[in-house]
Amino acid sequence: MNPMTNTQFPKVNSSPFVFTANVPNIAETSATAAPKDAHPFVFADGTTPVIVTYKNDRVVGKVSPHAMALASPVWKKFIFPPFPQRSMKDTTEPKGSKIVVEPVEELDFAEDPAEALLILLNITHFRFTGIPTTLPLNILSEIAILCDQYDCVHLAKPWLPQWLANENSEWKSTDPTPTTLAFGAPPATPREKWLFIAWVFGREQVLKDLASLLVREISTYKNGTCAALAGNYGPMPPGLIESILLCRRVTIAKLLAITAKCASPFTNDPNALHCPYRNRACDAIMYGSLLRGLEIAKVTPMMNAEEYHNSVETLSQGLSNLVIHVHPPYYGAYVAQDHSNCFTTDIKKEVEAVMAGIGDPILKHHIRHVEAQRSKLN
């Protein structure tokens, strides 16, 4: 299991000497569960009981231990423990005892999402009629989590072209934040789920594009955390949250440095005059319009990056919209004063330069993992 997924492996119930299933427990469970044919977790040739939470009920199915062992190295270790067990057929003679590895008595998948698990089990047991060709984003996300948890991404290979047919556009149209829909409908699935989907299924371009977009668009709380990237919507690629927040903070610091550079001439020496014509009124107009524009953008002249919690995009737009006023042209009897060039910083141009140079939040180990996942699918 990847330590960043915060998911659990199935619980197993094994005995060093007993091979047969715990019949009393199964019968006891079946007495309160749905009838045998009421759920799809009973597979042909299934001999190992499996516990699943299906439609809010605890049900017991039957899976083939050998099929599951072939499908996932993680399942194999749980079903066939990597330590030998002595057969009950001969326990009196240690020299003649038969060493065998038997399947565990029971698998507990009760904490795994049933619908996504069923799709993987259908693939494992060659029950292809039960595999959908299109998936809603929440189910696709759950399948990605299970494929990562159980190291079985190869199972999804034949269906990925259909499941990910619209991958380059779907994450762009997915609502950026979960909002409650009308008539009590469930919240819209946030697009951040695509980060882990792309990481598991080796979709490098989607991972890069979405991570870069989030650098521009996410906002933070006062403590510097971001709800969209705090694991509220499932696991994230390891280190990516921190990298996105770092790129965001660095970009905001560069943007705020522009405003500090514009304000510092007026604050470092209150008696200095910056208008080439030594016109105090012109200085007052420039500084006043700068402060007013920054106030509208919710920025103070010497603000640091940790104090700004709106998005990079919001800040860049606010700064680009700044209009710095100067003294009107003055045509005296002896000299004409054109103040149009008194404010020398082209704020919009400098903002565009910062936005064009935003760092890439995708790190080398993310690329290596994506490449490894692609190799499993090739």
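Now for a look at the structure at hand.

Calculation rules
- Residues numbered from 1 in each chain as written.
- Predicted model: local features only at pLDDT ≥ 70, side-chain atom pairs only at ≥ 80, totals over all residues.
- Heavy atoms only, no water.
- Helix = DSSP H or I, 4+ residues; strand = E, 2+ residues; numbered from the N terminus.
- Expected span 1.5 Å × (residues − 1).
- Buried < 20%, exposed > 50% of the residue type's maximum accessible area, 1.4 Å probe, protein only.
- Arc of directions from axis to C-beta.
- Contact = heavy atoms within 4.5 Å.
- Phe/Tyr/Trp six-rings, centres within 6.5 Å; stacked < 30°, edge-to-face > 60°.
- Disulfide = S-S within 2.5 Å.

## What to know about helix H14 (residues 364-377)
- Counted at 1.5 Å a residue, the expected span for H14 with its 14 residues is 20 Å, and the 20 Å between its end C-alpha atoms agrees.
- Inspection of H14 places His366, Ile367, His369, Val370, Gln373 and Leu377 among the buried residues, and these make up the whole buried set. Down the axis of H14, the buried side of the element spans an arc of 165°, and every buried residue falls inside it. Summarising the geometry of H14, the exposed residues directed more than 90 degrees from the buried face are Lys364 and Arg368.
- The elements touched by buried residues of H14 are helix H6 (160-163), helix H8 (193-200), helix H9 (204-217) and helix H10 (240-268).

## Quick look at the environment of Leu70
- Counting through the fold element by element, Leu70 comes out in helix H2 (residues 65-71).
- On the accessibility criterion, Leu70 (76% relative accessible area) is exposed.
- Linking Leu70 and Thr124, residues 54 residues apart in sequence, is a C-alpha distance of 8.4 Å.

## Some details on the packing of aromatic side chains
- The tally for this structure, following the rule as stated, stands at nine aromatic pairs.
- Aromatic pair Trp75 and Phe109: ring centres 6.2 Å apart, planes at 90°, arrangement edge-to-face. On the criterion of sequence distance, the pair formed by Trp75 in helix H3 (residues 73-79) and Phe109 in the loop between strand E6 (106-108) and helix H4 (114-124) is long-range, its members being 34 residues apart. We note that Trp75, like Phe109, is buried.
- Ring pairing ties together the aromatic residues Phe126, Phe128, Trp159 and Trp163, which thus form one cluster.

## Focus on the state of the cysteines
- Applying the stated rule across the entire model yields zero disulfides.
- Free cysteine: Cys147, not disulfide-bonded; nearest cysteine sulfur from Cys152 at 4.4 Å.
- Classification of Cys147 as buried rests on a relative accessible area of 2%.

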